[in-house]
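Given next are the chains, with one letter for each unit.
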Amino acid sequence: MHEETNGSAASPAFRSLEAPVALPVLSLSGLSKTFGGARALCDVSFSVMPGEVHGLLGKNGSGKSTLVKILAGFHAPDRGGQLEFNGEAVDLPLQPGDFRRLGMSFVHQNLGLVPSLTVLENLRLVQLTTATSAFINWGAERAAAREALTRFGLELDPGERVDRVSPVERALLAIVRAFEEIEAARRLTGKPGLVLLDEPTPFLPAAGVAKLFTLIRSIAKLGSGVIFISHDIDEVMQITDRVTVLRDGAVAGELKTATASHGQIVEMIVGRYLAKRPQASHTKSVNPSVFARVDHVSAKRLKPTNIAILRGEILGLTGLIGSGYEEVPYLVYGARPCQSGSLSFESGLAVRLPDMTPRRAMNLGFALLPGDRQRASGIDSLPIVDNMFLPDVARFFRAGRMRNGAMMKEARELGAAFEVRPNDPHLRLSALSGGNAQKVLVARWMNRKPTLLLLDEPTQGVDVGARQQIFFALKAAADNGTAVICASSDADQLAEICDRVLIFARGGICAELTGADLTKDRITEACYASVSLGQDHPSTPSIQAAS
């Protein structure tokens, strides 16, 4: 058992605040929540100090989302729990909007911005929609917006539509807006506020994460508390002062980040030591046969490129954001417009990629798991069972009627095999945490036993336990002969699961890594070296960037 810290102890990042006794910005005690017979939270207690960045970790389904929704007034907790904000008791349950009055603000993974509105309109949305005056002083609003953006080093045009700014700028804008909201409450109460960041980094490149962390530190330096929820333990160790870990709805423990190790945090999250899968695939004694060849595939951000796809191999594609690697799975599947290219099989069959469609790809035994789970992969409004069998619903239609019982039975078996929690096929996909929803979608395609599995960021926003489970599933599929292509910006993931990794730069392949070179550091180094060199590396006979 790891030594736990005292919840009221101040870490170095906020110890310098000049106060005899610093009261927690947020203090929770004995918070529980039950849905039917299922306990989502059990006697949860923790606190966040002024100026502290406090990490909240846990597997998907551990209770993090439920806790956030209680603080937002979306869920009512069970009787008996207590909440204090800046030392004052707050009646539970919170009503929708109470969090803003107290001085709390939330930034969810989808950011909550309105794409069709301008930067100014999004930044000042609360003020503009709650103002009592019938007139808006746009000059004053623009000045206030510029002042807020400048204070945190954001060079954004207040008049620019949000759908025209980069993903990094959108994330930073959402956080500045959250801080502006708690500062408005602070001007009224004179007390620090709390910003809660729920998975703000998965869609950001490394440079974007660095900018976001600079902004978070600026907010904490001004005295407000920050709750940082993430599955990325390296990020948590970099930005937080303390971490609280939830497991199965209860507090598994609390650690000071400065003295905690990566392994300690992982063990606390999963409840056991988590050994990595032996990387036997890196030392295969027999070369797999060629399943198919992609020749001269090209698109808007991809130069004509050749790739050999090997049977039973996990092939990784990576590079810096915008290098073109992320296009490949969608082009091969026919999900995005392809300018040129062909796909030829060992059997002699050849397909023009500009003519490829998702239907034809499915008929060839292909499966695609997109990176955008909410918009391109699952359907939140449909039950789990329907999401699992969308491509196969005809299989359950026999003798003029739908075999719902057989479908439900198979859905439960798949849910159990992939540890979907809760394993209730009737629930809507939206009722699951992000990681459990991803398990449903992985189960959908694995159940079809594809010949070619195309993946885009398959473990984005997934906890460490589910991540390992997905890795095992991919390895099992490859061992059974499935060819797997995994496009990912996660070098650690690629190093662990891939037999071969292709590095992309400026729309083409510039390097291939195998064997002992398949490490997180070597992959990351190759991505940046490809840009600094400014030219393609010599290509191998089986994989080359066509000129």
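Overview of the structure. Predicted, not measured: the structure shown is a model, and the values here were computed from it. (Residues numbered from 1 in each chain as written. Predicted model: local features only at pLDDT ≥ 70, side-chain atom pairs only at ≥ 80, totals over all residues. Heavy atoms only, no water.)

Structural notes on the overall build of the protein chain
Logical step 1: Scanning the protein chain from N- to C-terminus turns up 18 helices and 23 strands.
Logical step 2: Across the 547 residues that make up the protein chain, the buried fraction comes to 52%.
Logical step 3: Counting only carbon and sulfur atoms, one obtains 52% of the accessible surface of the protein chain, whose full area is about 24,500 Å². (Helix = DSSP H or I, 4+ residues; strand = E, 2+ residues; numbered from the N terminus. Buried < 20%, exposed > 50% of the residue type's maximum accessible area, 1.4 Å probe, protein only. Areas by Shrake-Rupley, 256 points an atom, 1.4 Å probe, with all protein chains shown as cover.)

Regarding the sheet that holds strand 3 (residues 53-58)
Logical step 1: Pairing is mixed in the open sheet, where six strands are placed in the order 6-7-8-3-9-10. The open sheet has two edge strands with one neighbour each: strand 6 (104-107) and strand 10 (250-256). Taken pair by pair, the neighbouring strands of this sheet meet at an average axis angle of 20 degrees, ignoring direction. (Pairing = 2+ DSSP bridges. Axes fitted to C-alpha atoms, helices over the stretch in contact; angles between N-to-C directions.)

Looking at the side chain of H75
Logical step 1: By the element assignment, H75 lies in the loop between helix 1 (64-71) and strand 4 (82-85).
Logical step 2: Taking the relative accessible area as the measure of exposure, H75 reaches 17% and is therefore buried.
Logical step 3: Those residues in contact with H75 that sit more than four places away from it in its chain are K33, F35, T66, K69 and I70. (Contact = heavy atoms within 4.5 Å.)

Some words on the pattern of salt bridges
Logical step 1: Across all of its chains, the model carries 20 salt bridges by this definition.
Logical step 2: Across the pair E52 and R242 runs a salt bridge whose closest N-O atoms are separated by 2.6 Å. Of this pair, E52 sits in the loop between strand 2 (38-48) and strand 3 while R242 sits in strand 9 (residues 242-247); the two residues are 190 residues apart in sequence, bridging distant segments of the chain.
Logical step 3: Among the residues examined, E52 registers a relative accessible area of 0% and is labelled buried.
Logical step 4: The class of R242 is buried, set by a relative accessible area of 0%.
Logical step 5: The shortest N-O distance in the salt bridge between R522 and D517 comes to 3.9 Å. (Salt bridge = Lys/Arg side-chain N within 4 Å of Asp/Glu carboxyl O.)

Considering the nonpolar core
Logical step 1: Counting 84 residues, the largest nonpolar core has L343 and F366 as the members making the most contacts within it.
Logical step 2: Beyond its immediate stretch of four places on either side in the chain, L343 contacts A292, R293, V294, I309, V332, L349, A350, V351, L353, M356 and F366.
Logical step 3: By size, the runner-up hydrophobic cluster in this structure holds 51 residues, among which are V53, L154, V209 and F213. (Core = buried A, V, L, I, M, F, W, Y, C linked by side-chain atoms within 4.5 Å.)

Quick notes on unusual backbone geometry
Logical step 1: Cis geometry marks the peptide bond from L92 to P93; its omega dihedral reads 5 degrees.
Logical step 2: With respect to the secondary-structure elements, P93 resides in the loop between strand 5 (88-90) and helix 2 (98-102).
Logical step 3: Geometrically, the link from R421 to P422 is a cis peptide bond, its omega value of -5 degrees lying close to zero.
Logical step 4: Along the chain, the position of P422 falls in the loop between helix 14 (404-417) and helix 15 (434-446).
Logical step 5: Notably, D248 is not glycine yet its phi reads approximately 55 degrees, a positive angle.

Observations concerning the side chain of Q438
Logical step 1: With respect to the secondary-structure elements, Q438 resides in helix 15.
Logical step 2: Apart from residues lying up to four places away in sequence, Q438 is in contact with L369, R373, E457, P458, V462 and I470.

Notes on the packing of helix 15 against helix 16 (residues 464-479)
Logical step 1: Contact geometry for helix 15 and helix 16: axes closest at 11 Å, N-to-C directions at 5 degrees. On the basis of the axis angle, helix 15 is roughly parallel to helix 16. Residue-level contacts link Q438, K439, V442 and M446 of helix 15 to A466, Q469, I470, A473, L474 and A477 of helix 16.
Logical step 2: Of the residues that constitute the contact of helix 15 with helix 16, the class distribution is seven nonpolar, two polar and one charged. (Parallel < 35°, antiparallel > 145°, perpendicular 65-115°, else oblique. Nonpolar A, V, L, I, M, F, W, Y, C, P; charged D, E, K, R; others polar.)

What about the packing of aromatic side chains?
Logical step 1: This model, assessed by the stated rule, comprises five aromatic pairs.
Logical step 2: Note on F99 and F106: the rings are 5.0 Å apart at their centroids and 85 degrees apart in plane angle, and the pair reads as edge-to-face. The pair formed by F99 and F106 is uniform in burial state, with each residue classed as buried.
Logical step 3: With 5.8 Å between their ring centres and 75 degrees between their planes, F213 and F228 make a pair best called edge-to-face. Within this pair, whereas F213 is found in helix 7 (residues 206-221), its partner F228 is found in strand 8 (residues 225-229), the two being separated by 15 residues in sequence. The pair F213 / F228 is uniform in exposure class, with both members buried. (Phe/Tyr/Trp six-rings, centres within 6.5 Å; stacked < 30°, edge-to-face > 60°.)

As for helix 9 (residues 262-270)
Logical step 1: Of all the positions in helix 9, only I265, V266, M268, I269 and V270 are classed as buried.
Logical step 2: Buried residues along helix 9 sit in contact with strand 3, helix 8 (233-239), strand 9, strand 10 and helix 16.

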